[in-house]
Each structure stands twice: as C-alpha cells, then as structure tokens.
Amino acid sequence: KDDRSKLWAQYRKFSNEYDDHQAHGDVTVILAYAGLLLTVIAAFVIGMQPNSADTINAHLIQLIEITVNGSSVVHDISNLSSSTEDSSSTVWIQTLAYISPALIIMAVFGAVLAKR
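Residues numbered from 1 in each chain as written. Predicted model: local features only at pLDDT ≥ 70, side-chain atom pairs only at ≥ 80, totals over all residues. Heavy atoms only, no water.

### Some thoughts on the overall build of the protein chain
A count of helices and strands for the protein chain gives three helices and zero strands. What you see in the protein chain, going N to C, is helices and strands ordered as α-α-α. When burial is assessed residue by residue, the protein chain has 10% of its 116 residues classed as buried. When contacts within the protein chain are restricted to residue pairs at least 6 apart in sequence, those whose partners lie at least 24 apart make up 76%. When the accessible area of the protein chain is evaluated, it comes to approximately 9700 Å², of which 64% is carbon and sulfur surface. (Helix = DSSP H or I, 4+ residues; strand = E, 2+ residues; numbered from the N terminus. Buried < 20%, exposed > 50% of the residue type's maximum accessible area, 1.4 Å probe, protein only. Contact = heavy atoms within 4.5 Å. Areas by Shrake-Rupley, 256 points an atom, 1.4 Å probe, with all protein chains shown as cover.)

In structure tokens:
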C-alpha cells in the first residue's frame, strides 16, 4: 500500500473510535436530562390533579345521613358527581401534560437502543 492509503486507513480508524466515544457520551447526557425533565413534568401533572375533597365530603355526608336516618330512606344521588366540567383549554393542557412523559420515555428507550 502507498502512504496515502495508510494515512486514510489510520484516519478512518481514529475517527470511528472518536465518533463511537462521543456518541456514547452524548447519549448518557441525553438520558440524564430526560430523567430530570420527566421528573419535573411528573411533578406538574401531580399538581394539576383536581381537588376531590368536595366529592369526598359530599359522599361522607351522604353516608352519615344514611347512618343517622337509616337505610330505608331513598337518597338523591343526582347531585353527587365524581367528574368536573373542565374547559377545553384545560383538557388540552392536561392531555399534553400526560402525553409528554410518554414521548420522553419513548425517546429514552430509543437512546438506550442507540447506545447499545
């Protein structure tokens, strides 16, 4: 072989080693940031949950009334609702908040596969 082909073979060897090392380092950083981002998003999703204290209190009041008045009395349960009417913007925000952790987990899975 001539000197040029030896030079290019040596260059290719070193550049491939460098690229492999850089790719694994970058993937590790991506995984760390994805984990941090997933934690922050999970905290916001937990904070966005509706307060169910009103529903629980209404059910407890109904149970107390049944206990006091007896079970033979017919009780109106139409005013008890476990769901609230949210605006469409709230529904969209909550939908995006639930979809983003799923997308992050898929990205992390892809990064793990790329690292192998």
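### A look at a nonpolar patch on the surface
A surface patch of nonpolar side chains, amounting to about 390 Å² of accessible area, comprises Leu 7, Trp 8 and Tyr 11. Residue placement: Trp 8 occurs in helix α1 (residues 3–47). (Patch = residues over 30% accessible without salt bridge, like charges linked within 9 Å, V, L, I, M, F, W, Y side chains within 5 Å. Salt bridge = Lys/Arg side-chain N within 4 Å of Asp/Glu carboxyl O.)

### Looking at helix α2 (residues 53–69)
With 17 residues, α2 extends 24 Å from end C-alpha to end C-alpha; this agrees with the ideal 24 Å at 1.5 Å per step. Positive backbone phi, approximately 95 degrees, marks Gly 70, located one or two places after α2. (Expected span 1.5 Å × (residues − 1).)

### Here's the deal with the packing of aromatic side chains
Per the counting criterion, the structure on display carries one aromatic pair. Residues Trp 8 and Tyr 11 carry aromatic rings whose centres are separated by 5.5 Å and whose planes lie at 90 degrees to one another, so their mutual orientation is edge-to-face. Remark: Tyr 11 and Trp 8 occur in helix α1; sequence separation between them is three residues, near one turn of the helix. Judged by its relative accessible area of 51%, Tyr 11 is exposed. Across the ring face of Phe 14, the terminal group of Lys 13 is positioned such that the distance to the ring centre comes to 5.8 Å. (Phe/Tyr/Trp six-rings, centres within 6.5 Å; stacked < 30°, edge-to-face > 60°. Lys NZ or Arg CZ within 6 Å of the ring centre and 35° of its normal.)

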